[in-house]
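What follows is each chain in one-letter form.
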Amino acid sequence: METNAESKLRLHAIIEGHVQGVGFRYFVSEQAQRIGLTGWVRNMYDGQVEVVAEGVRSDLEELLKYLQRGPGGAYVSSVTEDWTPASSEYRRFSIAPTEF
């Protein structure tokens, strides 16, 4: 049981807007790796981007700010977020295949 460290959480986010074809996945992957998070990002068949990231809440909230902004050329209309306990199943942050 962690006593001196923040417990880890999982952020599941769906990003809507003009978020495909603008380098969004690479932008998210770069930010998540820089922050030290694990998980993945992928395009969805309906034009949205899905993110699953695990880490301490303060780091996940930092990533969330990047998700709400996106890279240059992107337009984010909304970010739906869901918070759950981390599963610790990921060792790094990666770009996953598109979900069909």
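Because the structure is predicted, anything quoted here is derived from the model rather than measured. (Residues numbered from 1 in each chain as written. Predicted model: local features only at pLDDT ≥ 70, side-chain atom pairs only at ≥ 80, totals over all residues. Heavy atoms only, no water.)

Colleague: Could you clarify how one ought to interpret the pattern of salt bridges in this entry?
Modeller: Where charged atoms from two side chains of opposite charge come close, those side chains can pair. In the structure shown here, the tally under the stated rule is five salt bridges. With a shortest N-O distance of 2.8 Å, Arg-10 and Glu-54 are connected by a salt bridge. One end of the pair, Arg-10, is in strand β1 (residues 8–18); the other, Glu-54, is in strand β3 (residues 49–56), and 44 residues separate them in sequence. An identical accessibility class is assigned to Arg-10 and Glu-54; each is buried. A salt bridge links Glu-62 to Arg-34; its shortest N-O distance comes to 3.2 Å. Residue Glu-62 is found in helix α2 (residues 57–69), and its partner Arg-34 is found in helix α1 (residues 24–35); the two are separated by 28 residues along the sequence. Judged by relative accessible area, Arg-34 falls into the partly exposed class, the value being 49%. When salt bridges with common partners are traced through the structure, they connect Arg-10, Glu-54 and Glu-89 into a single cluster. (Salt bridge = Lys/Arg side-chain N within 4 Å of Asp/Glu carboxyl O. Helix = DSSP H or I, 4+ residues; strand = E, 2+ residues; numbered from the N terminus. Buried < 20%, exposed > 50% of the residue type's maximum accessible area, 1.4 Å probe, protein only.)

Colleague: Could you clarify how one ought to interpret α1 in this entry?
Modeller: Because each turn of an α-helix spans 3.6 residues, side chains separated by three or four positions end up pointing in the same direction. For α1, built from 12 residues, the straight-helix expectation of 16 Å at 1.5 Å per residue is met to within 8% by its first-to-last C-alpha distance of 17 Å. Taken as a whole, α1 has its buried residues at Phe-24, Arg-25, Phe-27, Val-28, Ser-29, Gln-31, Ala-32 and Ile-35. (Expected span 1.5 Å × (residues − 1).)

Colleague: Would you mind going over the sheet that holds strand β4 (residues 75–85) with me for this structure?
Modeller: One key point about sheets: their strands pair by backbone hydrogen bonds, in either a parallel or an antiparallel sense. As summarised here, the arrangement of the five strands in space is β4-β1-β3-β2-β5, forming an open sheet in which the pairing is mixed. Only two strands of the sheet have a single partner each, and these edge strands are β4 and β5 (93–95). Going from strand to strand, the sheet's axes swing by 15 degrees on average, the running direction of each strand aside. Direction of pairing for strand β2 (residues 38–43) relative to β3: antiparallel, over a ladder of six bridges. Bridged to Trp-40 within β3 is Val-52. Of the strands in this sheet, β1, β2, β3, β4 and β5 are in contact with α1, which crosses β5 at around 170 degrees. Running at roughly 160 degrees to β4, α2 makes contact with β1, β3 and β4 of the sheet. (Pairing = 2+ DSSP bridges. Axes fitted to C-alpha atoms, helices over the stretch in contact; angles between N-to-C directions. Contact = heavy atoms within 4.5 Å.)

Colleague: Which parts of the structure should I look at to understand the pairing of β1?
Modeller: Consecutive residues of a regular strand have side chains that alternate between opposite faces of the sheet. Here β1 runs beside β3; their pairing, made up of eight bridges, is antiparallel. Counted as the bridge partner of His-12 is Val-52 from β3. Sheet topology places β1 next to β4; 10 bridges connect them, and they run antiparallel. When the sheet's bridge partners are listed, His-18 is paired in β4 with Tyr-75.

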